[in-house]
Amino acid sequence: MLYNDLQNGIYIMHENEEWIPPFKEAFERAGVEFFELDLSKGGINLDKEPPKGVFWSRMSASSHTRAHPFAKEYARAIFAWLQSFNRRIVNPLCVLELEVSKVAQYLALNKAGFRTPKTLVAFGKADLLELAKSLQAPFIIKHNQGGKGLGVKLYESFDEFKAELDGFEESIDGIYLAQEYVKSQAPFITRLEFIGGKFHYAVRVDTSDGGFELCPAEACELERKPQLAAAACDIGAKFTVREDINAEFPFVKELEAFLKHKKIEIAGVEFIESVENELVVYDINTNTNYNKALEDGLRAKGLQGAADRVVEFLHTEFKKERV
């Protein structure tokens, strides 16, 4: 299939079908048509124009964990093609590069004045072991290309890490991060959701179980706890709206300015409130998902969920294209 032959419209570009249903439902509620562009297959004719419309990138750094090891490279080629014809991409190629590299994220955040965890970068496991010696325990080891918290582990001592090094999960790009452990004031992290570059809501994510796999999507939750698929359990309890954070917070405004500068229009930004009263940003997820129970609760109160706001934003941008 050649992408050149697709019809004009609003496209969600992705490689993971499991994350699409909440957005499909939101498009249906709005009565707006959309299409999907599978970034794990297909092809393009460089001499022919792409379809016209709006293309929303939902390319994920974790695509290799779903048997799509080349999806990131396919995406780079497709995005370059779309941009060469001045197509409207929400989260374009420069944003993709931030999504697939925590090194690039931390450098960009640091340059903008945000506090991030102190990080050492190792090219290969041998150098990772040497670098980890200089970190004060406890410390975290993670992959440069992760997603869903995969490849992230807390070590209480260097000896513990050394003993597990050979069995530590291989990073897809061979790059590993050895990072300080930032202790939070309370067992939760906060995820700020931005749509159209503007703050939408803040989510409190409970971390009392000690895990790092904090993806809010229902598919992720069921993947972590398969028994929930057959049980009438509330999987939204882990994710709740933080009413005490709003669009007027200086920190939120600073992040909005940063996202605008980096051309990031839809994203979730995660941070920790440390015991030293610092706001420490540790992840920008440009392939953000929203928790179903939380979203359903907002709609039940007559409030706009994030998925519905995304559809509204994409539809507005599509109308601007005058296709």
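Residues numbered from 1 in each chain as written. Predicted model: local features only at pLDDT ≥ 70, side-chain atom pairs only at ≥ 80, totals over all residues. Heavy atoms only, no water.

(A) Structural view of the pairing of strand 12 (residues 266-273). For strand 12, the buried fraction is high: seven of the eight residues fall into the buried class. Alignment of strand 9 (residues 188-195) against strand 12, held across six bridges, turns out to be antiparallel. Looking at strand 12, one finds that Phe-194 is bridged to Ala-267. Linking two consecutive strands that pair antiparallel, namely strand 12 and strand 13 (residues 279-285), is a turn of five residues; a positive phi of about 65° is found at Asn-277 within it. (Buried < 20%, exposed > 50% of the residue type's maximum accessible area, 1.4 Å probe, protein only. Helix = DSSP H or I, 4+ residues; strand = E, 2+ residues; numbered from the N terminus. Pairing = 2+ DSSP bridges.)

(B) A look at helix 8 (residues 250-261). The first and last C-alpha atoms of helix 8 sit 17 Å apart over twelve residues, in line with the 16 Å expected at 1.5 Å per residue. The set of residues buried in helix 8 consists of Phe-251, Val-252, Leu-255, Glu-256, Phe-258 and Leu-259. Around the axis of helix 8, the buried residues are gathered within 165° of arc, so they sit on the same side. Exposed residues on helix 8 whose side chains face more than 90 degrees from its buried face are Pro-250, Lys-260 and His-261. (Expected span 1.5 Å × (residues − 1). Arc of directions from axis to C-beta.)

(C) Representation of the packing of helix 1 (residues 21-30) against helix 10 (residues 306-321). Between helix 1 and helix 10, whose axes approach to 9 Å, the crossing angle comes to 60°. In this structure, the crossing between helix 1 and helix 10 has a hand that is right-handed. Residue-level inspection shows Pro-22, Phe-23, Ala-26, Phe-27, Arg-29 and Ala-30 of helix 1 in contact with helix 10, the latter providing Ala-307, Asp-308, Val-311 and Leu-314. Taken together, the residues of the contact of helix 1 with helix 10 sort by class into eight nonpolar, no polar and two charged. (Axes fitted to C-alpha atoms, helices over the stretch in contact; angles between N-to-C directions. Left-handed = near helix turned anticlockwise from the far one by under 90°. Contact = heavy atoms within 4.5 Å. Nonpolar A, V, L, I, M, F, W, Y, C, P; charged D, E, K, R; others polar.)

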